[in-house]
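Read off the chains here:
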Amino acid sequence: MKFFIDTANLDQIKEAQDLGVLDGVTTNPSLMAKEGITGANNILEHYTKICKAVEGDVSAEVIATDYEGMIAQGEELAALNPQIVVKLPMIAAGIKACKYFSDKGIKTNVTLVFSVGQALLAAKAGATYVSPFLGRLDDISTDGLQLIADIRQVYDNYGFKTQILSASVRNTMHVINCAKIGSDVMTGPLSSITGLLNHPLTDSGLAKFLEDYKKGN
Ligand code: E4P
């Protein structure tokens, strides 16, 4: 399973990259605003910085909600760097734009997906990635992991190549359960990745090894 970090924070991106397990980055307009990155030019410049900080795919979201606007913005984003994946909202214009970019060989990520039917449409439009938001479903007492499992089954039934990018991951258990289901990718905060390092038996075991080593030296 690929690990993407869901942030526009360069320090956190670098920390995950330094760990050696990072496969890419996802961002969205809210994450950009959280870092104080506003204005079209600053946002484009920030995407370029993110691409320099990582080796893998970087999802950059269009703001337009009409087809022509999505095409113009998506092309501008894709021209920044070959790592850029054009992120499109799950609306009719987004699906149409997804088909346009897929046909041109430009990578796409259909975002804000909350149902199997939406995921099916994204796959049929040739999306590189589909982003079901599992945490936001859990937030409204709906089983987000079941949605990931259902999309996995439908994609496997027909051999769709679209990668399931489990998004809105909030914690380490989300990561582990996505891996059990067979999600292709997960994107979450830095803590959902570094949290996987932790186990008290690792800490106590290492302390004992070091203590015993000192005794013999
Ligand atoms: C996905 O690409 C989104 O950026 C993200 O995962 C949304 O997560 P949130 O529900 O924690 O905002």
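Scroll up a little and you will see the structure.
What you see is a predicted model; the values in this text were computed from it and never measured.

Calculation criteria
- Every chain is numbered independently, its residues counted from 1 as its sequence is written.
- The predicted origin of the model limits local features to residues at a pLDDT of at least 70 and limits the giving and counting of side-chain atom pairs to 80 or more, whereas totals for whole chains, interfaces and linings rest on all residues.
- With hydrogens and water stripped out, all remaining heavy atoms of the structure feed into the side-chain values.
- We count a salt bridge whenever a side-chain nitrogen from Lys or Arg sits within 4 Å of a carboxyl oxygen from Asp or Glu.
- Each helix corresponds to a stretch of at least 4 residues labelled H or I by DSSP, and each strand to a stretch of at least 2 residues labelled E; elements are numbered beginning at the N terminus.
- The classification of residues rests on relative accessible area computed with a 1.4 Å probe and restricted to protein chains. Under 20% of the type maximum is buried, over 50% is exposed, and intermediate values are partly exposed.
- Within 3.5 Å is the distance limit for a polar contact, defined as a pair of N or O atoms, with the added protein rule that one can donate a hydrogen and the other accept it, and that residues adjacent in sequence qualify only through two side-chain atoms.
- Note on definitions. A residue lies near a molecule or strand when any single heavy atom of the residue is within 4 Å of it.
- Shrake-Rupley sampling with a 1.4 Å probe provides the accessible areas, and residues are treated as covered by the protein chains on show and by no other component.
- Residues are grouped as follows: nonpolar covers Ala, Val, Leu, Ile, Met, Phe, Trp, Tyr, Cys and Pro; charged covers Asp, Glu, Lys and Arg; every other residue, Gly included, is treated as polar.
- Like charges are joined within 9 Å and nonpolar side chains (Val, Leu, Ile, Met, Phe, Trp, Tyr) within 5 Å, but only among residues with over 30% relative accessible area and no salt bridge; these make up the patches.
- The rule for pairing is simple: two strands pair if DSSP sees at least two bridges between them.
- Seen with the strands pointing away from the viewer, any crossover whose path from the first strand over the helix to the second strand runs clockwise is right-handed.
- To estimate the expected span of a helix, subtract one from its residue number and multiply by 1.5 Å.
- Residues count as neighbours in contact if any of their non-hydrogen atoms are within 4.5 Å of one another.
- Note on geometry: axes are C-alpha line fits, over the in-contact stretch for helices, and angles between N-to-C directions span 0 to 180 degrees.

The next point concerns the pattern of salt bridges. Summed over all chains, the structure comprises ten salt bridges. Put simply, Asp 212 and Lys 208 hold a salt bridge, and the shortest N to O gap is 3.0 Å. Placement of both Asp 212 and Lys 208 in helix 11 (residues 200-215) is noted, with a separation of four residues, approximately one turn of the helix. Asp 212 sits in the partly exposed class, given a relative accessible area of 33%. Through salt bridges that share partners, Lys 208, Glu 211, Asp 212 and Lys 215 make up one connected network.

Structurally, Asn 9 can be placed in the loop between strand 1 (2-6) and helix 1 (10-19). A relative accessible area of 17% means that Asn 9 is categorised as buried. Among the polar contacts made by the side chain of Asn 9, one reaches the main-chain amide nitrogen of Asp 11 at a distance of 3.0 Å. Here the side chain of Asn 9 touches Gln 12 through a polar contact of 2.9 Å, landing on its backbone nitrogen.

This part is about the site of the ligand. Every residue near the ligand is listed here: Asp 6, Thr 26, Asn 28, Lys 87, Phe 133, Arg 136, Ala 167, Ser 168, Arg 170 and Thr 187. Side-chain polar atom of Asp 6 to an oxygen atom of the ligand: 2.7 Å apart, as the coordinates give it. Between an oxygen atom of the ligand and a side-chain N or O atom of Arg 170, the distance comes to 2.9 Å. Coverage of the ligand by the protein chains reaches 86% of its 350 Å² of free accessible surface. Split by residue class, the shell around the ligand holds two nonpolar, four polar and four charged.

What follows concerns a nonpolar patch on the surface. Among the surface-exposed residues, Leu 19, Val 21 and Leu 197 lie close enough to one another that they form a single nonpolar patch of about 260 Å² accessible area. Looking at where Val 21 falls in the secondary structure, it is placed in the loop between helix 1 and strand 2 (24-26). Overall, the relative accessible area of 37% leaves Val 21 in the partly exposed class.

In this section: the environment of Asn 81. Among the structural elements, Asn 81 can be located in the loop between helix 4 (67-80) and strand 4 (84-89). As for Asn 81 and Val 130, which are separated by 49 residues in sequence, their C-alpha atoms are 21 Å apart. One polar contact links the side chain of Asn 81 to the main-chain amide nitrogen of Gln 83, over a distance of 2.8 Å.

Moving on to the pairing of strand 5 (residues 108-113). The two faces of a sheet get side chains in turn, since along a regular strand they alternate between them. Of all the six residues making up strand 5, five are buried; the element is thus mostly covered by neighbouring parts of the structure. Bridging between strand 5 and strand 6 (residues 129-132) involves three bridges; their strand directions are parallel. Note that in strand 6 the partner of Val 113 across the bridge is Pro 132. Viewed along the sheet, the connection from strand 5 through helix 6 (residues 116-124) into strand 6 turns out right-handed.

Bringing helix 3 (residues 40-53) into the picture now. For helix 3, which comprises 14 residues, the first-to-last C-alpha distance of 20 Å matches the rise-based estimate of 20 Å (1.5 Å per residue) to within 8%. Residues of helix 3 that are buried include every one of Leu 44, His 46, Tyr 47, Ile 50, Cys 51 and Ala 53, and no others. Packed against the buried residues of helix 3 are helix 1, strand 2, helix 2 (29-34), strand 3 (57-61), helix 4 and strand 4.

If you walk around this closed barrel you meet the eight strands as 1-2-3-4-5-6-7-8, and the pairing is parallel. On average, adjacent strands in this sheet sit at an angle of 30° to one another, irrespective of strand direction. Pairing of strand 1 with strand 8 (residues 185-188) involves four bridges; the strand directions are parallel. Opposite Phe 4, over in strand 8, you have Thr 187 as the bridge partner. Of the strands in this sheet, strand 5 and strand 6 are in contact with helix 6, which crosses strand 5 at around 165°.

By themselves, these observations are geometric and do not establish any function.
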